[in-house]
Amino acid sequence: MSATLDFTEFDTEGATLALPRSNGELVFDAPWQGRLFGLVVHLCKTGAFEWDEFKTHLIAVIDESGLVDVCDPGVYYRQFGEAFCRLAGQKRFFEPDALEQRTRVELEHLSHDDHDHDHDHHH
């Protein structure tokens, strides 16, 4: 049985949860954002959690951050990730410590990514 994804609030322009879009296409600033989004959608479809549960966390994170304008993918997906971490913790998807470490590593990467340069990275 597959869970239904209720994207209404994610697809309404101007809704708190509206996904960053440009001309109707989803916008991602960086590859990790697309991966994160795909992962959350996939886990929901496979029944790991209810979409509404995730939505509740996301609303809470956005509320706490005080950032109402989340049209910026960089901001939005950090909140998306935070919401997912909380959900994962609640659901015990991962060992909290492992997740903590992983998240810290990711955040390190994120904070070192300054967005001033063009996107032609040479690794």
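Everything discussed here concerns the structure shown above.
Since this is a predicted model, take the numbers as computed values, not measurements.

Relative to each other, helix H3 (residues 51-65) and helix H4 (residues 73-91) sit at 125°, their axes nearing to 8 Å. When the interaxial angle is binned, H3 and H4 end up oblique. Classified by chirality, the crossing of H4 by H3 is right-handed. Taking contact as the criterion, the partners of Glu53, Phe54, His57, Leu58, Ala60, Val61, Ile62, Glu64 and Ser65 in H3 are, on H4, Tyr76, Gln79, Phe80, Glu82, Ala83, Phe84, Arg86, Leu87, Gln90 and Lys91.

Turning next to H4. It helps to recall that an α-helix has 3.6 residues per turn; residues three or four apart then point in one direction. In this model H4 runs 26 Å from its N-terminal to its C-terminal C-alpha over 19 residues, within 8% of the 27 Å that 1.5 Å per residue would give. Those residues of H4 lying buried are Pro73, Gly74, Tyr76, Tyr77, Gln79, Phe80, Gly81, Ala83, Phe84, Leu87 and Ala88. N-cap assignment for H4: the residue whose side-chain oxygen lies 2.9 Å from the backbone N of glycine 74 is aspartate 72.

Between helix H2 (residues 31-45) and H4, whose axes approach to 10 Å, the crossing angle comes to 40°. Taken as axis vectors, H2 and H4 run oblique relative to one another. In this structure, H2 crosses over H4, and the sense of that crossing is left-handed. On the side of H2, the interface is formed by Trp32, Gln33, Leu36, Phe37, Leu39, Val40 and Leu43, while H4 contributes Pro73, Gly74, Tyr77, Arg78, Phe80, Gly81 and Phe84.

About the thresholds
- Residues numbered from 1 in each chain as written.
- Predicted model: local features only at pLDDT ≥ 70, side-chain atom pairs only at ≥ 80, totals over all residues.
- Heavy atoms only, no water.
- Axes fitted to C-alpha atoms, helices over the stretch in contact; angles between N-to-C directions.
- Helix = DSSP H or I, 4+ residues; strand = E, 2+ residues; numbered from the N terminus.
- Parallel < 35°, antiparallel > 145°, perpendicular 65-115°, else oblique.
- Left-handed = near helix turned anticlockwise from the far one by under 90°.
- Contact = heavy atoms within 4.5 Å.
- Expected span 1.5 Å × (residues − 1).
- Buried < 20%, exposed > 50% of the residue type's maximum accessible area, 1.4 Å probe, protein only.
- Polar contact = N/O pair within 3.5 Å; in protein donor to acceptor, adjacent residues only side chain to side chain.

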